[in-house]
Amino acid sequence: MDKNVFVADSYDVIVVGAGHAGVEAALAAARIGCRTLLATLSMDNIAMMPCNPSVGGPAKGHLVRELDALGGEMGVNADKTCIQFRMLNTGKGPAVHALRAQADKKLYQFTMKKTCENTENLDVKQILIDKLLLEGDKVKGVQVETGEIYEAKAVIMATGTYLKGRIIIGEHTYTGGPNGQRAAMKFSDSLLAAGIRLMRFKTGTPARVDARTLDYDKMEIQPGDEACRNFSFMSDETTREQIPCWLTYTNEKTHKILRDNMHRAPMANGIIEGIGPRYCPSIETKILRFPDKERHQLFLEPEGLNTNEVYVQGMSTSMPMDVQLEFLRTIPGLEHAKVMRAGYAIEYDCIDPTQLKPTLEFKDIHGFFSAGQANGTSGYEEAAGQGIIAGINAAMFVKGEEPLVLKRSDAYLGVLIDDLVTKGTSEPYRIMTSRAEYRLLLRQDNADQRLTPMGRRVGLVTDERWERFTKKQAAIQQAMEYLKKNSINPTQEIKDKLAAAGIEPIRNATSFYELLRRPDVDYAKLQAVFNLPELAPEVQQQVEISITYEGYIKKQLEQVEHMEKLEEKLLPENLDYNQVPSLRDEGREKLAKIRPRSVGQASRISGVSPADISVLLVWLEQQRRIQEKKEG
Amino acid sequence: MQQGDTISAIATAQGEGGIGIIRISGIKAIETADKIFWAASGKKLAEYETQRAVFGHIVDEQEEVVDEAMVLLMRAPHSYTREDVVELQCHGGLMPLRKTLALTWQAGARPAERGEFTKRAFLNGRMDLSQAQAVMDVISAKTERSLKMATGHLSGHFSAGIRAMRHSILGQIAHLEAAIDFPEDEVDDVVMYEVENNVVDIRNQIKKLLKTAQTGRILKDGLMTAIVGKPNVGKSSLLNALLREERAIVTDIPGTTRDSIEEYANVGGVPLRIIDTAGIRATDDLVEQIGVDKARSYVNQASLVLALFDASRELTAEDEEIFSLIEGREAIVLLNKSDLQPVLTEEMLQAKTAAPVLVISTVTEHGLDNLADAIRQKVYDGGLDAGDEGAFVNDERQAEILRQADAHLTAALRTIDAQLGLDFISIDLRSAWEKLGELTGETVGEDIINEIFSKFCIGK
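Numbers given for residues are sequential positions, taken from 1 along each chain in its written order. In the order they appear in the text, chains get letters beginning with A and ligands get numbers beginning with 1. Given that the model is predicted, a residue must reach a pLDDT of at least 70 before its local features are reported, and side-chain atom pairs must reach 80 or more before they are shown or counted; all residues, however, enter totals for whole chains, interfaces and linings.

Draft legend 1. Seen up close, the overall build of chain A. Counting from the N terminus, the helices are the DSSP runs of H or I reaching at least four residues and the strands are the DSSP runs of E reaching at least two. A tally of helices and strands in chain A yields 21 helices and 22 strands. Principal-axis analysis of the C-alpha atoms gives chain A an extent of 90 × 85 × 50 Å. Across chain A, every contact between residues at least 6 apart in sequence was considered, and the portion connecting residues at least 24 apart equals 74%. Here, residue contact means that the backbone-derived C-beta atoms of the two residues sit within 7 Å.

Draft legend 2. Quick look at the overall build of chain B. Helix and strand content of chain B: 15 helices and 14 strands. Any residue surrounded by 20 or more other C-beta atoms within 10 Å of its C-beta is treated as buried, while 12 or fewer makes it exposed and the intermediate range makes it partly exposed; C-beta atoms here are placed from the backbone. Relative to its 460 residues, chain B shows a buried fraction of 43%. Look at the contacts in chain B between residues 6 or more apart in sequence, and 67% of them connect residues 24 or more apart.

Draft legend 3. Fine view of the confidence of the model for chain B. All names here are of chain B. Predicted confidence across chain B gives a mean pLDDT of 78, with 76% of residues reaching 70 or more. A residue's pLDDT is the predictor's confidence in that residue, given on a scale from 0 to 100. Across chain B, element-level confidence peaks in helix H1 (residues 29-36) with a mean pLDDT of 94 and bottoms out in strand E9 (residues 253-254) with 34. A low-confidence stretch, residues 148-153 stays under pLDDT 50, and its non-local contacts, those more than four residues away or across chains, total 2 contacts. Counting interchain partners and residues more than four positions distant, the pLDDT-below-50 stretch residues 245-260 has 27 contacts. Model confidence for the complex is summarised by a pTM of 0.82, with the ipTM given as 0.87.

Draft legend 4. Quick look at the nonpolar core. In plain words, the nonpolar core is the set of buried Ala, Val, Leu, Ile, Met, Phe, Trp, Tyr and Cys residues that C-beta atoms within 7 Å link up. In terms of nonpolar packing, the biggest core is built from 181 residues, with Val13, Ile14, Val15, Ala25, Val155 and Ile156 of chain A touching the most fellow members. Residue contributions to this core peak at 12 residues, all from helix H10 (residues 380-399) of chain A. Leaving out residues up to four positions away in the same chain, Ile156 of chain A has contacts with Val13, Val15, Val16, Ala25, Phe369, Ala371, Ala390, Gly391 and Ala394 of chain A. Counting 43 residues, the second-largest nonpolar core is a separate cluster that includes Val228, Val233, Tyr298 and Val357 of chain B.

Draft legend 5. Examining the pairing of strand E8 (residues 138-144) of chain A more closely. Residue and element names in this part refer to chain A. Bridging between strand E7 (residues 129-135) and E8 involves 6 bridges; their strand directions are antiparallel. In the strand pairing of E8, Leu134 is matched with Val139. Strand pairing is defined by DSSP finding a minimum of two bridges between the two strands. Here E7 folds back onto E8 in antiparallel fashion, the turn holding 2 residues, of which Gly136 has a positive phi close to 65°. Remark: 4 residues form the turn of the hairpin made by E8 and strand E9 (residues 149-157), two consecutive strands paired antiparallel; Gly147 in that turn has positive phi of roughly 115°.

Draft legend 6. Here's a closer look at the pairing of strand E1 (residues 7-10) of chain B. All names here are of chain B. Judged from the 4 bridges that link them, E1 and strand E2 (residues 20-25) form a sheet pairing that is antiparallel. Bridging from a neighbouring strand, Ile7 pairs with Ser25 of E2. Relative to strand E7 (residues 110-111), E1 runs parallel, the two sharing 2 bridges. Bridge pairing in E7 links Ile7 to Arg110.

Draft legend 7. Looking closely at the domain arrangement of chain A. One can read the domain layout of chain A as domain 1 (208-344), domain 2 (464-548) and domain 3 (569-631). A straight line from the C-alpha centre of domain 1 of chain A to that of domain 2 of chain A covers 46 Å. Note that the domain bounds reflect an automated or database-derived domain assignment.

Draft legend 8. Summary view of the interface of chain A and chain B. If you look at the interface, chain A gives 45 residues, while chain B gives 37 residues. If you tally residues by element for the side of chain A that touches chain B, the top one is helix H21 (residues 610-631) of chain A, at 11 residues. Each residue is assigned to one class: nonpolar for Ala, Val, Leu, Ile, Met, Phe, Trp, Tyr, Cys and Pro, charged for Asp, Glu, Lys and Arg, and polar for all the others, Gly among them. Residue composition of the side of chain A that touches chain B, grouped by class: 20 nonpolar, 15 polar and 10 charged.

Draft legend 9. Local environment of the sheet that holds E7 of chain B. All names here are of chain B. Taken in spatial order, the 7 strands make up an open sheet running E3-E4-E5-E6-E2-E1-E7, and their pairing is mixed. If you trace the sheet from one side to the other, it starts and ends with strand E3 (37-39) and E7, each paired once. Note: E2 against strand E6 (residues 85-90), 6 bridges, orientation antiparallel. Within E6, the position partnered with Ile24 by the bridge is Val86.

Draft legend 10. Structural detail: the sheet that holds strand E19 (residues 344-351) of chain A. Residues and elements named next belong to chain A. Spatially, E11-E10-E19-E12 is the arrangement adopted by the 4 strands of the open sheet, whose pairing is antiparallel. A single partner strand is all that each edge strand has here, and the edge strands are strand E11 (172-175) and strand E12 (198-205). Geometrically, the sheet is characterised by an average inter-axis angle of 20° between neighbouring strands, direction not taken into account. The sheet contact formed by E12 and E19 spans 8 bridges and is antiparallel. Across the sheet, Leu198 pairs through a bridge with Ile351, a residue of E19. For every element, the axis is a line fit to its C-alpha atoms; helices are fit only across the contacting stretch, and the angle between N-to-C directions ranges from 0 to 180 degrees.

Draft legend 11. Structural context of the environment of Asn261 of chain A. Residue and element names in this part refer to chain A. Here Asn261 lies in the loop between helix H6 (252-260) and helix H7 (266-269). Accessibility expressed as a C-beta count within 10 Å gives 19 for Asn261, which makes it partly exposed. When the C-alpha atoms of Asn261 and Pro320 are compared, they prove to be 9.2 Å apart, with 59 residues separating the residues in sequence. Dropping the residues within four chain positions of it, Asn261 is found in contact with Met319 and Val323.

Draft legend 12. Layout of helix H2 (residues 94-106) of chain B. All names here are of chain B. With 13 residues, H2 should cover 18 Å at 1.5 Å per step; its first-to-last C-alpha distance of 19 Å lies within 8% of that length. By the criterion of burial, H2 is predominantly enclosed, with 10 of the 13 residues buried. When H2 is considered as a whole, its buried residues turn out to be Leu94, Pro96, Leu97, Arg98, Thr100, Leu101, Ala102, Leu103, Thr104 and Trp105. Immediately beyond the C-terminal end of H2, within one or two residues, lies Gly108, with a positive phi of roughly 125°. Take the number of residues in a helix, subtract one, and multiply by 1.5 Å to get its expected span.

Draft legend 13. Local environment of unusual backbone geometry. Here the residue pair Ala76 of chain B and Pro77 of chain B is connected by a cis peptide bond, since its omega of 0° sits within 30 degrees of zero. In this model, Ala59 of chain A sits at a positive phi of 70°, which is unusual for a non-glycine residue. Residue position: Ala59 of chain A is located in the loop between strand E3 (54-56) and helix H2 (60-70). Exposure remark for Ala59 of chain A: the 27 C-beta atoms within 10 Å place this residue in the buried category. Positive phi values are uncommon outside glycine, yet Glu365 of chain B reaches one of about 65°.

Draft legend 14. Inspection of the environment of Glu226 of chain A at higher detail. Residue position: Glu226 of chain A is located in the loop between strand E14 (220-222) and strand E15 (245-249). Taking the C-alpha atoms as reference points, Glu226 of chain A and Arg595 of chain A, 369 residues apart in sequence, are found 50 Å from one another.

Draft legend 15. Local environment of the packing of H21 of chain A against helix H3 (residues 116-123) of chain B. It is the contact of H21 of chain A with H3 of chain B, at a shortest axis distance of 9 Å, that shows an interaxial angle of 25°. Here H3 of chain B runs roughly parallel to H21 of chain A, going by the angle between their axes. In this structure, the crossing between H21 of chain A and H3 of chain B has a hand that is left-handed. In this structure, H21 of chain A contributes Ser614, Leu617, Val618 and Glu621 of chain A to the contact, and H3 of chain B contributes Lys119, Phe122 and Leu123 of chain B. In terms of residue class, the contact of H21 of chain A with H3 of chain B is built from 4 nonpolar, 1 polar and 2 charged. The labels follow the angle: roughly parallel below 35 degrees, roughly antiparallel above 145, roughly perpendicular from 65 to 115, and oblique for the rest. Handedness of a crossing is defined here by the sense of rotation of the near helix relative to the far one, left-handed for an anticlockwise turn of less than a right angle and right-handed for a clockwise turn.

Draft legend 16. Expanded view of the environment of Gln51 of chain B. All names here are of chain B. With respect to the secondary-structure elements, Gln51 resides in the loop between E3 and strand E4 (52-59). The class for Gln51 is exposed, based on 11 C-beta atoms found within 10 Å. On a C-alpha basis, the gap between Gln51 and Met192 in space is 55 Å, while along the polypeptide they are 141 residues apart. Beyond its immediate stretch of four places on either side in the chain, Gln51 contacts Met74 and His78.

Draft legend 17. Inspection of helix H10 (residues 317-325) of chain B at higher detail. Residues and elements named next belong to chain B. Among all positions of H10, only Asp319, Ile322 and Leu325 are buried. Angularly, the buried residues of H10 cover 115° about the axis, an arc narrow enough to put them on a single face. Opposite the buried face of H10, at more than 90 degrees from it, the exposed residues are Ala317, Glu320 and Ser324. Each C-beta atom gives one direction from the helix axis, and the arc is the one those directions make.

Here it is as structure tokens:
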């Protein structure tokens, strides 16, 4: 017996990897009350942001608000450590308003580290995991590279881009994780041995330049919003020091250098084999795919308050160093730029996410979950969102309670996970608002209403948050009732008041509620001339949105209701689709591969026809009645 | 499981039997029927108890009577599907039946899928367990067949036209979505009047297609045609002349009214479905008086009226009644017996009617070519050639889908007008795009996202 191999400890939940998915998973499991181990290969790099410094944006900001409502940490942590906030899309409808922040990367990381280290039930250890340990189709624990074993009832892999990670800078490549870290070279093999299908994906990051060498006079300033904004429902920050970003553009000279060196691009010469994302193309890809574009924009984003490193957004590249240096200097403001870190591409193993249930547990291995970039996604927010769901469901698994599955009509998180497990992905998946069919319901301003009760159910929402939430809900309810109950009549006095407020006259007795339905009327306008109750800004916002867009919201709610029945019809996990007669061959094959959790999920699998769904419904009813007969 | 929505379809095989039945099933079946059915008693169906038969009329949105009908009301669970079911037994034949079906859709039902009534019946426990297999077979077989039929019905021009519209809408959606999802990328600003022009353009195309609905339906089912005129004016001879060339393809089929026979005549490539050919023969042969009442009932059923007048005799009171009958109708006035010494002229008749007047002789067959041309022109609205494999809408379902897509586009224009924002416009455009996809059987998939990435340079 190898002396190095011994059981070092036993946990309820072990999380492999402490990136954005891993920390949320570990915090959720520990906060729910599970004894949890968070394994990282570097204590110095917990919640590291290896790519851009920003958090949020369209759909991504929505995800942050959602995971905050469930009781997650990303929103709170971003509010504590971000150095610029902007609400994007304010000229568009309320559903696509999106909060985006620039983090102080190191501050973000160390603040998150402190939170993890001080969370009850949570141990953080620097260990590199080599092996997943199974007992039949059940998870048993993990084994560290040095031999010791940690046992667990549930294991969550949140391995990011570290599995067989390979860094590519031009013609130079080496194995490793982001930012000079180690890669996990053995864990993938133990996944393969467990029968798990893997994919090879690629992503990249641009160079960082020295702030002292930039000529800001030649760039446009991009300041944060004047109003102080927060991601978290619990954050009360009202003032914050903000640092601007800067905007500049590439030009014909830049493009010529890139074109002349295209044969040296790793994606052209075959060095990169992994599949990269379309929304995050390298600068060389952009020039190839959009040859008519005369310029591409670049944002210069500071990486923190205590560093001169500046992130060059829009400049992701894996070109050789000499090319990188040469083309950077063609850009206005960057003529004398010194590169502090080179841009690079990274290739890594991830799993095919269609092997997962919507709970993020593997269909074939009890107690084994997966979250984050390891599931084929990209982005800190996407990772964190999956992390909290995996953490919650691992905890529910340990406690033998009902898992949390968010529907597409509940949250972007539901859309993200449903897309992954139902359709899979052929490139690193990014969330977008256009992926959601009920976008009007999934607003960033109502994430608390949608998800706080669910977070409360699983035990992640603190009493403090719950009290604050119920108070807000009561205030909204009260305001709505007031506005419905109180009317004005077309008397001369009222007519004058309306005219003074610039509101079209009324003909009959009209409630304030009805008045607010007019597109040109808002609460402030009414309040200016009528004696209306003072509302908290967030209450007023909810009242206005739900009244102004009532028609649209109602339409989407009806669509949701229609789908709901299919979502609620659960399919047995071990259903043998060969036993279901009359399915078409393609439908049968796809159903057997995905093994959907509900008829609703089944209906979204490509290749499953409406007729297959009808057949399935009839068959389920038949089985139910046979069962009933047996029992009765 | 009580389904959330309400479905309707024609429940009788088409072209069989004198009565056409439309079945409506679902939570809103009674509410839907009440919107289009006026009971003779003046009461609403909602006021009746279950298992009642109620007589009355089907009325359209202009409150005009479409048909008379006997309505059977069956409240859940006392029905075939165990949901609320209303059956409209319509008397007026295929055209009013189709119109009535379309009315049920406008009133809140949706077209039933193949086998859907049976599926609901089973899911709601109506059928025996042993029938489950049969139900599943019916669903898959019927769906396969209807798919084949549906795609078979789509002419190349039609589906190409729909695809082009969808592609154009998709381009707009992708632009809106790119602007929403990548506000800081270099996506060109969405120019509202461009979106507006595009939507208006597609609406015009839909309108054009909808106009062909009539043509498509006629080419498929035949143009309901009445031949009217006083006794001995030559109705029977005209009928025989029309039928003669195409004798081989004439079939006797039971008509839409129980006591009459229809026959098909192919005139200039347009199938005419001539009403009550038996009646025409009988009255002319026996030199019986054909009552104006009967003529009126023919005219009401017909999409085209051929009104015959005798050139060799003065106009009579009966002739005058025929003129008043065809007022405002699609009609062609035929001045027959041009082979005899004329008393009436073309001009004299033209002065009395807005319908085109043609001089013919059923004996010499003079002028029958002109009649064929006139019919063809009416059918194709002057805009289409009979030889052209044009894009036709050829059933009520297609027309309904086009109308719904058009409604979504109209909503998009209203949204643009109200300045509600890109994401609201996108909702309406997506609905229109998905609707049109039902015509070509294309699924949603990743199309929008693919389009965004292929058109816009996006990324960090």
